[in-house]
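Commentary on secondary and tertiary structure
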Amino acid sequence: MNRAKRLLACLALLLGGPALAQTPPPPPAPPVVAPVAPPSLAADLSLRRIEVTTAFSGAEILVFGATERLIGPQGDEVLVLVTGPETSMMVRQKVNVLGFWVNGAAARFNRVPSYWALASTRPLTQLLDRVERGDLRLALDQLPLVQLGAQGAPFRTALAELQQGAGLWVDRDRPIEVSGGRLFHARLPLPATVVHGAYLVQVMLVRDRRVVARQELRLDVVRTGSAAWIADIARGQPVLYGIACIILAGLAGWFGSVVFRRS
């Protein structure tokens, strides 16, 4: 009897062996994919705060930074865009009526950047295609201005000419200087008539005609001293400010007549 049991056990092992041998191996573990690091860009401002006083005659925005790859035609490129606080502006058309120039049609523009300046390592048309430039609004004619009242391109053209003449819109190509292949810096002028508030500085890394990295910096332009005091009075108490200006103008005229009076 025991011999029969041993024979049955051996037969079971012989029959089950091939089945066990044919069991498929477990699937291999999926390969571990290392995350791709984003393009490296580091930028900063020489000054994060510009103070406007009564003796303020303008300043300069200095943006500097470094890239991981070399900067040049075969490597990366850099763009710097600076925009100021949005404001509203009115553009009026002068009309000649019987030899007198009077105000005619007027257009009001909202969401006007009080300051706009662009710098790049190469001309913009060589860095980005037209679609990319349009999406990023990297041109004055692509600013999303809201025009109310009189319509037409001449009013927008007149607005651009006024802002460019005042040095508040810098549309000409301003080169970014490169040192050591990876270090860069840009200088953008800030006129004396600049509007105070928070300015946005965007530093963009361009690769293969596309913006692949972006860094945003904040620049504060604030009024200090007597300039801030006068501006607060002009905004908070305009009647008092107007009366004081009339009195000061009268005193200045009287003093001038006394000094330059001929005997």
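Here's a quick rundown of the structure. The model shown is predicted, which means the values in this text are computed figures rather than measured ones. (Residues numbered from 1 in each chain as written. Predicted model: local features only at pLDDT ≥ 70, side-chain atom pairs only at ≥ 80, totals over all residues. Heavy atoms only, no water.)

**A few points about the overall build of the protein chain**
Per the secondary structure count, the protein chain includes 6 helices and 13 strands. Burial statistics for the protein chain: of 263 residues in total, 30% are counted as buried. Working note: accessible area of the protein chain is about 17100 Å², and carbon and sulfur atoms make up 61% of it. (Helix = DSSP H or I, 4+ residues; strand = E, 2+ residues; numbered from the N terminus. Buried < 20%, exposed > 50% of the residue type's maximum accessible area, 1.4 Å probe, protein only. Areas by Shrake-Rupley, 256 points an atom, 1.4 Å probe, with all protein chains shown as cover.)

**Details of the sheet that holds strand β2 (residues 49-52)**
With mixed pairing, 6 strands are arranged side by side in an open sheet as β2-β13-β12-β4-β7-β9. Every other strand in the sheet has two partners, leaving β2 and β9 (169-175) as the edge strands with one partner each. Each neighbouring strand pair of the sheet contributes to a mean axis angle of 20°, computed without reference to strand direction. Pairing of strand β12 (residues 197-207) with strand β13 (residues 210-223) involves 11 bridges; the strand directions are antiparallel. From the neighbouring strand, Ala198 faces β13, where its bridge partner is Asp220. (Pairing = 2+ DSSP bridges. Axes fitted to C-alpha atoms, helices over the stretch in contact; angles between N-to-C directions.)

**What about the pattern of salt bridges?**
Counted according to the given criterion, the structure contains 7 salt bridges. We note a salt bridge from Glu51 to Arg49, for which the minimum N-O separation is 3.4 Å. In this structure, the salt-bridge partner of Arg122 is Glu77, at a minimum N-O distance of 3.1 Å. With Arg122 in the loop between β7 (116-120) and α2 (124-127) and Glu77 in strand β4 (residues 77-83), this pair connects stretches of sequence that are 45 residues apart. (Salt bridge = Lys/Arg side-chain N within 4 Å of Asp/Glu carboxyl O.)

**Examining the sheet that holds strand β6 (residues 100-113)**
As summarised here, the arrangement of the 3 strands in space is β5-β6-β8, forming an open sheet in which the pairing is antiparallel. Looking at strand neighbours, the two that pair on one side only are β5 (86-97) and β8 (146-149), the edges of this open sheet. Mean inter-strand twist for the sheet, computed between neighbouring axes without regard to direction, equals 25°. The pairing of β5 with β6 spans 10 bridges and is classified as antiparallel. The partner of Val91 across the bridge, within β6, is Ala107. Across the face of the sheet, helix α4 (residues 153-165) comes into contact with β5, β6 and β8 while running at roughly 80° to β6. (Contact = heavy atoms within 4.5 Å.)

**Describing the nonpolar core**
Counting 30 residues, the largest nonpolar core has Ile61, Val80, Tyr115, Val201 and Val203 as its most contacted members. Look past the residues within four positions of Ile61 in its chain and what remains in contact with it is Leu45, Val82, Tyr115, Ala186, Arg187, Leu188, Leu190 and Leu219. Listed in part, the 24 residues of the second largest apolar core include Val91, Leu128, Leu145 and Trp169. (Core = buried A, V, L, I, M, F, W, Y, C linked by side-chain atoms within 4.5 Å.)

**Some details on α4**
Compared with an ideal rise of 1.5 Å per residue, which puts 13 residues at 18 Å, α4 spans 18 Å between its outermost C-alpha atoms and is within 8% of the ideal. Taken residue by residue, α4 has Phe155, Leu159, Ala160 and Gln163 as its buried positions. Buried residues of α4 fall within an arc of 140° about the axis and therefore sit on the same side. Exposed side of α4, more than 90 degrees from the buried face: Ala153, Pro154, Glu161 and Gly165 are the residues found there. Buried residues along α4 sit in contact with β5, β6, β8 and β9. Immediately downstream of α4, the backbone of Gly167 shows phi near 75°, a positive value. (Expected span 1.5 Å × (residues − 1). Arc of directions from axis to C-beta.)

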